[in-house]
Amino acid sequence: MSDPRRERLLDLLVPAAGIHPAFTAVDPDGVLLARVIAIRPPLAGVVDRALDALPEDFGAADLEAHAARDADGFEALRELVFGAYYLSPAVRRVIGYDGQQAQSLPRDGFGAEELAMAMLESPPRWRDPRQTTPATGPAPGDQRRTAMHAHPVRHVANPLAVRGDYGTRQRAVLNHAAGAEAAAEIAAWPGYAPTPLLSLPGAAARLGVGQVLYKDEGRRFDLKSFKALGGAYAVLRILQRRLADTGVTASAAELIAGAHRDRVADITVATATDGNHGRSVAWGAGLFGCRSVVYIHENVSAEREAAIAAYGAEMHRVAGGYDDSVRAVARDSAERGWTLVADTSSEGGRDVPMTVMQGYTLIAEEVLAVTGAEPATHVFVQAGVGGLAAALAGHFWERFGAARPRLVVVEPNLADCVFQTVEAGRLVALEGSTDTFMACLAAGEVSPVAWEILEGGLDDVVALPDEAAMDAMRLLADGIDGDPPIVAGESGAAAFAGLVAAALDGEAGARLGLDAASRVLVIGSEGATDPATYARVVGRPAEAVAP
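Remember, it's a predicted structure, so these values are computed and weren't measured experimentally. (Residues numbered from 1 in each chain as written. Predicted model: local features only at pLDDT ≥ 70, side-chain atom pairs only at ≥ 80, totals over all residues. Heavy atoms only, no water.)

**A few points about unusual backbone geometry**
And then number 1: Backbone geometry at His 260 places phi at a positive 65 degrees, although glycine is not the residue there.
And then number 2: Positive phi is not limited to glycine here, since Asp 481 has a value of about 50 degrees.
And then number 3: Tracing the chain through its elements places Asp 481 in the loop between helix H22 (466-478) and helix H23 (494-504).
And then number 4: For Asp 481, a relative accessible area of 34% gives the class partly exposed. (Helix = DSSP H or I, 4+ residues; strand = E, 2+ residues; numbered from the N terminus. Buried < 20%, exposed > 50% of the residue type's maximum accessible area, 1.4 Å probe, protein only.)

Here it is, written out as structure tokens:
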């Protein structure tokens, strides 16, 4: 290891106290740490966040203060670093590490044995730095039993949840008539097809529920995300309204064919994004003929930025997190006359975020076209600002009233704005970084217009560590006990991760009412929208999982 601050951080995590050599003395080249982080990639972010936040010459007190702000990450980091330091024979055997043989313990209290056993149950997911090819998952047709690992789950029930008729207030935000209009428009776009609704009987049996249905939005157009339905639809509506102001009526087909290009080419739409919403807006702008500007924050990967720019968007990267980019694009749009295509109403107008959410309701309608009149008992859906969750909640609530499914929102621990809002009974804006492996869920504020639906239409929220999403990506890619392999990205796997974590935690599962009679709809909101990250976590590219 050549970074003195990184060495100091690790030394403070495993104090020598004059009894044992410091961790960096045990592992001077960082091979062991690299392997532990490769098994649990979010731990690299825990270390990086700490080094970014800590003063140059930090001490133990500084580290403890930071660790309290990133409690989940540091708990996992400490557990694995301690376990690596006090190497058990099982850990040494699995990862092939030869250092500090004399310090092995027959049984430790820091999770080393548990780590080893988890690794022994499934193919190694880490990549040795000396290797030139990544580790791979099961070969096609391999029926060995895929391991499921329990992760800690936080749960809060919504005391404001309503079991009754869909109200006038909610209908003013989302309603079936507007949803049907959106569905008719989107169905006419080139390349439209309903995304697959996959039955996962292997997962259902292992989790002790009656049925698991997985809505695979990774197959949505070429954008590999449900966001294709929202941002692009809002762009269409904006252009149609602008043309209507001049007395021109234009259909989507006409705009796609190039009609009125002279009128719309000078219109600029702008948005902020973690990745997928910006791709949708840029794609819609190119499809319908206007200009797009997309703001991203400092934690958005270069690969996501390039994917948005490929659709012709002008890109702006700003310091801070997602909410900082939202404020920046709102300010600049007001100054420069751009039309803001926001998926949150936190910075002002309601109409565009409502239009975005109305596009998302097509997902629920496609599900019902397959399942018929009998709804799922549970819907697990991920949330950033809450637009997708609100779209599903509103559509099912209006359709089924008091018999609507139980809606469970899943969030990262590091970006749990819905969780904290439900817990407080009012909208709460998170302070500090919301940087999470589940990149497209890194929001610090619930959209107020989405909350108008979720306040009564949301039943539960569960929050998870980042590692849970990674494990879910691998489970879905491998297929559980004969289930079809599914490509799910970092955020796309979150809802499934929430179901797995809750079902494996008997207490959480009971609180959510999960049992053998449960019919669970899981929203897979994206595919491999960051291909490099997907291949690193799963061990093979998306094309090798499900062509």
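There's plenty left to go through after this.
**Thoughts on the pairing of strand E9 (residues 406-412)**
And then number 1: Buried residues dominate E9, accounting for 6 of its 7 residues.
And then number 2: Here strand E8 (residues 378-382) runs beside E9; their pairing, made up of 5 bridges, is parallel. Among the inter-strand pairings, Val 379 is bridged to a residue of E9, identified as Leu 407.
And then number 3: Taken together, E8, helix H19 (residues 387-400) and E9 form a β-α-β motif whose crossover is right-handed.
And then number 4: Sheet analysis places E9 next to strand E10 (residues 460-464), joined by 5 bridges and oriented parallel. Each bridged residue has a counterpart across the sheet, and for Val 410 the counterpart in E10 is Val 462. (Pairing = 2+ DSSP bridges. Right-handed = clockwise from strand over helix to strand, strands pointing away.)

**Looking at the pairing of strand E3 (residues 211-216)**
And then number 1: Most of E3 sits out of view: 5 of its 6 residues are buried.
And then number 2: Sheet topology places strand E2 (residues 197-199) next to E3; 3 bridges connect them, and they run antiparallel. Looking at E3, one finds that Leu 198 is bridged to Tyr 214.
And then number 3: In this sheet, strand E11 (residues 519-524) lies alongside E3 in parallel orientation, the contact comprising 6 bridges. The partner of Val 212 across the bridge, within E11, is Val 520.

**Considerations on the pattern of salt bridges**
And then number 1: This structure, assessed with the given rule, holds 25 salt bridges.
And then number 2: In this structure, Glu 452 engages Arg 350 in a salt bridge whose closest nitrogen and oxygen atoms are separated by 2.3 Å. Separated by 102 residues along the polypeptide, Glu 452 in helix H21 (residues 448-457) and Arg 350 in the loop between strand E7 (339-340) and helix H18 (351-371) bring together distant segments of the chain.
And then number 3: We classify Arg 350 as partly exposed; its relative accessible area is 35%.
And then number 4: The closest approach of N and O atoms between Arg 406 and Asp 460, which form a salt bridge, is 2.7 Å. Here Arg 406, found in strand E9, pairs with Asp 460, found in strand E10; they are 54 residues apart in sequence, far enough to count as distant.
And then number 5: Arg 406 sits in the partly exposed class, given a relative accessible area of 22%.
And then number 6: Overall, the relative accessible area of 0% leaves Asp 460 in the buried class.
And then number 7: Connected via shared salt-bridge partners are Lys 215, Glu 217, Arg 220 and Glu 366. (Salt bridge = Lys/Arg side-chain N within 4 Å of Asp/Glu carboxyl O.)

By themselves, these observations are geometric and do not establish any function.
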